[in-house]
Amino acid sequence: MSKIIEKVVTRIIILFAAGRRNVVPHAIEPFHAYITTVLAYITDPIVKVRLMISNANLAALTLLVTDPATGWNILHNKHSAKSTRTADVNTDLANSEITITHLLESMYRDIPRSAMLTADYSTLNIAKVSTAKPKRAKIINIPFAKMFSKGGAIVSFITRPTHDAGKAHMDPLADQIEVVGIILKPGDPMPTDITQCNIKFSSKHAIFTHEFTLSDAGNRFACFLRYANTSDDKKSGGYSSVIVCVIGL
């Protein structure tokens, strides 16, 4: 491999390792336009204070760009003219670009995003952090539940979204489990759908309990369960088949 090809390959590897495609342009002319604009922008006293740019970083960046012997600007000028464009100049230009990019990335990491304005994001080419939650798909799982009562009029639930012997856990798309049920006294028929139920409660956990009154003890509690999306009920899951247990005294 020739030295020229080796330098080019090395430069490409460094550029990808630096992750420069995300914020700082990597082609020579776009980079030149970018750094010229950015340096002028963050030198403004108001912008510098708002973005908490340190004097040391600003001085270092200014020197890397404007140094009359080794700065980006002089190297860019030499590269632009055929009479002064040499392999060494091209190499120095590439190294200067990489050094400046690393410094900028370090500076950008220190800028509090809460202080940034729209103009800052646009000029520095930094993407705004999205605070919007991604849209959730409709819940398709139906809770498989075990319900039992050991006494004290407390009914316990153990739920999972799949019919297996794994650990209890919530459906990842659900905010909570909803329970709709009815207390059955001796001789009362089993409910066939939720419209026949008058008790409703919920839990954000896969394992939970519900406390009834002691006067309910000895009766049966029959219920249906579903996974619910509390922000969009249309995306809530369907109800389970009816389950029942005796409320323990």
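See the structure printed just above.
This is a predicted model, so every value here is computed, not measured.

**Quick look at the sheet that holds strand 5 (residues 207-211)**
The antiparallel open sheet is built from three strands, whose spatial order is 1-2-5. The strands lining the two open edges of the sheet, one partner per strand, are strand 1 (144-151) and strand 5. When the angles between neighbouring strand axes are averaged without regard to direction, this sheet yields 25°. Across six bridges, strand 1 lies against strand 2 (residues 154-160) in antiparallel orientation. Bridge assignment links K146 to a residue of strand 2, and that residue is I158.

**Topic: the pairing of strand 2**
Counting buried positions over the seven residues of strand 2 gives five, a clear majority of the element. Counting the residues between successive antiparallel strands, the hairpin from strand 1 to strand 2 contains two residues, one of them, G152, with a positive phi of roughly 70°. Bridge count between strand 2 and strand 5: five bridges; the pairing is antiparallel. Residue I158 lies in a different strand from strand 5, and its bridge partner there is I207.

**Some points on the pairing of strand 7 (residues 243-246)**
Only one face of strand 7 is buried, namely the one carrying I243 and C245, since none of V244 and V246 on the opposite face is buried. As paired strands, strand 6 (residues 220-228) and strand 7 are joined by four bridges and run antiparallel to one another. Among the inter-strand pairings, C223 is bridged to a residue of strand 7, identified as I243.

**Looking at helix 5 (residues 72-80)**
Burial in helix 5 covers these residues: W72, L75, H76 and H79. The buried residues of helix 5 occupy an angular sector of 100° when projected down its axis, which confines them to one face. Elements in contact with the buried residues of helix 5: helix 2 (28-43), helix 4 (55-66) and helix 6 (87-110).

Thresholds, definitions, all that
Residues numbered from 1 in each chain as written. Predicted model: local features only at pLDDT ≥ 70, side-chain atom pairs only at ≥ 80, totals over all residues. Heavy atoms only, no water. Pairing = 2+ DSSP bridges. Helix = DSSP H or I, 4+ residues; strand = E, 2+ residues; numbered from the N terminus. Axes fitted to C-alpha atoms, helices over the stretch in contact; angles between N-to-C directions. Buried < 20%, exposed > 50% of the residue type's maximum accessible area, 1.4 Å probe, protein only. Arc of directions from axis to C-beta. Contact = heavy atoms within 4.5 Å.

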